[in-house]
Amino acid sequence: MIQFTTWDILRNLLYATRWTILLSLVSFIGGGLLGMVLLYLRTGRRRAARIFVKYYVELFQGTPLLMQLFLAFFGLGLFGIDVPAWLAAGTALILWSAAFLTEIWRGCVESVVKGQWEASASLGMGYAQQMRHVILPQAMRVAVPPTVGFSVQVVKGTALTSIIGFVELSKAGTAITNATFEPFTVYGFVALIYFALCWPLSKSSQMLERKLNVAHRNH
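My aim in this report is to walk through the structure given alongside it, one point at a time. Bear in mind that the values here come from a model prediction, so they are computed numbers and not experimental data.

Examining the nonpolar core
- Leu69, Trp96, Val109, Met131 and Ile135 are the most contacted members of the largest nonpolar core, which has 28 residues in total.
- Secondary-structure elements contributing two or more residues to this core are α1 (6–42), α3 (65–75), α4 (85–110) and α6 (127–157).
- Within the second largest apolar cluster, 14 residues are counted, among which are Ile9, Leu13, Val155 and Tyr194.

See below:
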């Protein structure tokens, strides 16, 4: 058995945490960008586009992320395509994040009163101009808390990528446990690190929600 000091365990976990943070950022930013495109299609006037996005969202929300990761990594292998674990993990999490963010933002857009659409249309604005100048600025104020809250789910969702061999925090924890036979120490540190990553996001979401509620009441 390899002898690890407590500092050795923590140092190796912190090294793996960099990949958790990087994957979280890629997944959230990539999912946000794709989500904006899907939101535009989902709330647009083209029925075919709305139906496509509706079923896209239902597919990714209605199936386990674990299965999506598995298919992204092993599915293409059936056709002789070798997909690196980091690419499969990033792709699956981006597609998964986009589905949830699209629905969060759609609900926020639909919360804008109908009169805002009618008023902007009476000024001769097209759909894109309405969204950019009138609807999205109002919807974004409502969308900030749930969007920040969802980022916590993205961070925790990266733990599932260990199933396809991506070495992030939880995968590193498993490897170190197998080498040290100290599961309580290792997974205690893993839990603390995840908490350190997610707690500021949760608190910022709550703070933003309170500020927006105060601003709305003052308005």
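Read on for the rest.
As for unusual backbone geometry
- A positive phi angle, near 55°, is found at Phe181, a position not held by glycine.
- Within the element layout of this structure, Phe181 appears in the loop between α7 (169–180) and α8 (183–218).
- For Phe181, a relative accessible area of 61% translates into the label exposed.

Notes on the pattern of salt bridges
- Enumeration over the complete set of coordinates arrives at three salt bridges.
- Arg11 serves as the salt-bridge partner of Asp8, at 3.0 Å between the closest nitrogen and oxygen. Of the two residues, Asp8 and Arg11 are both situated in helix α1; the distance of three residues between them amounts to about one turn of the helix.
- One salt bridge in this structure joins Glu110 and Arg106, with 3.0 Å as the shortest N-O distance. A residue pair is termed a helical-turn pair when its members lie 3 or 4 positions apart in one helix, as Glu110 and Arg106 do in helix α4 at four residues.
- Assessed through its relative accessible area of 17%, Arg106 is described here as buried.
- Residues participating in the shared-partner salt-bridge network are Glu103, Arg106 and Glu110.

Some details on the side chain of Thr147
- Tracing the backbone through its elements, the reader meets Thr147 in helix α6.
- Using a relative accessible area of 12% as the deciding quantity, one classes Thr147 as buried.
- Side chain to side chain, Thr147 and Trp105 meet in a polar contact 2.8 Å long.
- Not counting residues up to four positions away in its chain, the partners in contact with Thr147 are Phe28, Leu101, Ile104 and Trp105.

Structural notes on the packing of α1 against α4
- In contact at an axis separation of 6 Å, α1 and α4 are set at 45° when each is read in the N-to-C sense. Compared by their axis directions, α1 and α4 come out oblique. Note on packing geometry: the crossing formed by α1 with α4 is right-handed.

Re the packing of aromatic side chains
- Counting across every chain of the model gives eight aromatic pairs.
- Taken together, Phe52, Tyr56 and Phe60 form an aromatic cluster joined through their ring pairs.

Considering the packing of α1 against α7
- Relative orientation of the contacting elements α1 and α7 amounts to 150°, with a least axis distance of 8 Å. When the interaxial angle is binned, α1 and α7 end up roughly antiparallel. The crossing of α1 and α7 is right-handed. Residue-level contacts link Ile9, Asn12, Leu13, Ala16, Thr17 and Thr20 of α1 to Leu169, Ala172, Gly173 and Ile176 of α7.
- Of the residues contributing to the contact of α1 with α7, the split by class is six nonpolar, four polar and no charged.

Rules of the game
- For every chain, the first residue of the written sequence is number 1, and numbering continues from 1 along that sequence.
- Residues qualify for local features only when their pLDDT is at least 70, as the model is predicted, and side-chain atom pairs are given and counted only at 80 or more; totals for whole chains, interfaces and linings, by contrast, use all residues.
- Side-chain measures here rest on the full set of heavy atoms in the structure, leaving out hydrogens and waters.
- Residues enter a nonpolar core if they are buried and are Ala, Val, Leu, Ile, Met, Phe, Trp, Tyr or Cys, with the set joined through side-chain atoms within 4.5 Å.
- Note on classification: 1.4 Å probe, protein chains only; a residue is buried when its accessible area is under 20% of the maximum for its type, exposed when over 50%, partly exposed between these limits.
- Runs of E in the DSSP output that reach at least two residues are strands. Runs of H or I that reach at least four are helices, and both are numbered from the N terminus.
- The rule for a salt bridge is simple: a side-chain nitrogen of Lys or Arg has to be within 4 Å of a carboxyl oxygen of Asp or Glu.
- In protein, a polar contact requires one atom able to donate a hydrogen and another able to accept it; more generally it is a pair of N or O atoms within 3.5 Å, and residues adjacent in sequence count only if both atoms are side-chain atoms.
- Contact criterion: two residues are considered in contact whenever any of their non-hydrogen atoms come within 4.5 Å of each other.
- Here the axes come from fitting lines to C-alpha atoms, over the contacting stretch only for helices, and the angles between their N-to-C directions go from 0 to 180 degrees.
- Convention used here: angles under 35 degrees read as roughly parallel, angles over 145 as roughly antiparallel, angles from 65 to 115 as roughly perpendicular, and any remaining angle as oblique.
- Left-handed is the label given to a crossing in which the near helix is rotated counterclockwise from the far helix by less than a right angle, and right-handed is the label when the rotation is clockwise.
- Only Phe, Tyr and Trp rings take part, Trp by its six-membered ring, and two of them pair if their centres are within 6.5 Å. Stacked means planes under 30 degrees apart, edge-to-face means over 60, and tilted covers everything else.
- Asp, Glu, Lys and Arg are counted as charged, while Ala, Val, Leu, Ile, Met, Phe, Trp, Tyr, Cys and Pro are counted as nonpolar; the rest, among them Gly, fall into the polar class.

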